[in-house]
Each structure stands twice: as structure tokens, then as C-alpha cells.
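Residues per chain, in single letters:
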Amino acid sequence: MRRRSRWVVGAVAAVAVAAGGITVAVASSDGSSGTSSPTTESADAGFARDMATHHQQAVEMSYIVRDRTKDEEIRRLAYDIAQTQANQRGMLLGWLDLWELPKVPEKGPMEWMGMGDMPPGEDGALMPGMATNTELKKLGELNGRAAEVRYLQLMIKHHKGGVHMAEGCVDRCEVGAEVRLARGMVESQESEIKLMTDLLRARGAKP
């Protein structure tokens, strides 16, 4: 399992390195090559806004569990998830700045995926996979193995929601660099889901 964990960490690092090149690619195409910027109601802008919000909660959950456990494997995984998703969130918000578009959607979340008519999120769970405020509060009250198990369960659910959104961008977004980032998110988060499932199994728990 340690070998697999190191492989996933390496894959995540590779995605983060590639992300820098993606940012440059988007910036260099803005206006200079004749490519028009996305509109505020486009899938590109919608994905950037919604995934930035989605990522922020993953970062929050990861830092919560790092304070609640001494298990180095969980702490390392949480740190990698927090750093990768914080970097990607910065890119997504940076693209919205580049496109001169608002960071807060005028309509409900997931509108760009044709899911604008879904029931409004309750207790802070604005999009599929997101934890509720109550679940986050409970996570912050647990320690040791209990905190590890709950974090892994919440993050697997969170990643599945993120994969669904990223796949939506792959199908709908038009900015090539953003599509490549979304595709990388799918690959890395699916790998992490497998790793976290193994970590849960090692702790006698299920997703």
C-alpha cells in the first residue's frame, strides 16, 4: 500500500506541475491569437466557479483531519489533496480574472451542466459530493482512527462529485487548457478514490 501511495502522490505532483503550463497556455491565448474569452454563462466559466467552491471544501476537510490524527499516511494524503486542490482553485479563479468574469454565479450552481433545476443544497452542501456543515463540524470533533475513517468516507464522496463535474467540463468546455485540466482531475481523483478505499478497508471500514 505504501508503494501505491507514493505512486499516487507522484501522479498528483505531476498534475500540479502540468497545471503551471496550463495557466500559461490560457494566458497566452487570451486575445493575442484571436480566441474570444468565454462568456459568463459558458460551461468554462461555470466549471471554474463551481469547482473552485468544491475544491475549497476539500482543502478545509484535509486540514481538519491533519489536526485530528497522527497517522502519517493519512496526514500525507490530506496534505497532498489540500495542496493540489488549492493550486487548482487558484488557477480556476485566475482564469475568471483573466476572462474578466465574476467569481460568484448569478444563477444556481451546476447550471452549466444542465442541473440548475436540482434542489438547493442544504446545510452548506451546495453541489453533489459536498459535505454538510454538520458533517464538517463532526469531523472536527473526532480523533485518531474515527477521524481518519470519517475523512476518507467524506472525501471519497467529495471526489466522486468532483469527477462528475470534471467529466462535465470535458464534455462541455471549449477552452482546450481547461479541458486538459479537467481530464487530469478525473484521472488523479479516481486514483485517489481507489487509494482511499484501500485505506478504509485497512481500517475495517467501508466507503
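Please refer to the structure placed before this passage.
Residues numbered from 1 in each chain as written. Predicted model: local features only at pLDDT ≥ 70, side-chain atom pairs only at ≥ 80, totals over all residues. Heavy atoms only, no water.

Draft legend 1. Expanded view of the nonpolar core. In terms of nonpolar packing, the biggest core is built from 31 residues, with Phe47, Met51, Leu92, Leu96, Ala166 and Met185 touching the most fellow members. Secondary-structure elements contributing two or more residues to this core are α2 (43-66), α3 (72-98), α5 (144-172) and α6 (176-202). What Ala166 contacts, discounting residues up to four positions off in sequence, is Phe47, Met51, Ala182, Met185 and Val186. In this structure, Leu136, Leu142, Ala147 and Met196 belong to the second largest nonpolar core, which totals 25 residues. (Core = buried A, V, L, I, M, F, W, Y, C linked by side-chain atoms within 4.5 Å. Buried < 20%, exposed > 50% of the residue type's maximum accessible area, 1.4 Å probe, protein only. Helix = DSSP H or I, 4+ residues; strand = E, 2+ residues; numbered from the N terminus. Contact = heavy atoms within 4.5 Å.)

Draft legend 2. Broad picture of the environment of Asp80. Mapping Asp80 onto the fold places it in helix α3. Look at Asp80 and you get buried, because its relative accessible area is 15%. Asp80 sits 21 residues away from Val59 along the chain, and the two C-alpha atoms are 9.6 Å apart.

Draft legend 3. Layout of a negative patch on the surface. Together, Glu167, Asp171, Glu187 and Glu190 make up a region of like negative charge exposed at the surface. When contributions to the negative patch are tallied by element, the ones reaching two or more residues are α5 and α6. As for its position among the elements, Glu187 is in helix α6. (Patch = residues over 30% accessible without salt bridge, like charges linked within 9 Å, V, L, I, M, F, W, Y side chains within 5 Å. Areas by Shrake-Rupley, 256 points an atom, 1.4 Å probe, with all protein chains shown as cover. Salt bridge = Lys/Arg side-chain N within 4 Å of Asp/Glu carboxyl O. Lys, Arg positive; Asp, Glu negative; His and termini not counted. Charge placed at Lys NZ, Arg CZ, Asp CG, Glu CD.)

Draft legend 4. Inspection of the pattern of salt bridges at higher detail. With the rule as written, the count across this model stands at eight salt bridges. Note that Glu141 and Lys137 form a salt bridge whose closest N and O atoms lie 2.7 Å from each other. The partner of Arg203 in a salt bridge is Glu148, with the nearest N and O atoms 2.7 Å apart. Note that Arg203 is positioned in the segment after α6 and Glu148 in helix α5, a separation of 55 residues in sequence. Across the pair, exposure class does not vary: Arg203 and Glu148 are buried alike. Each of Asp71, Glu148 and Arg203 takes part in salt bridges that share partners, so that together they form one network.

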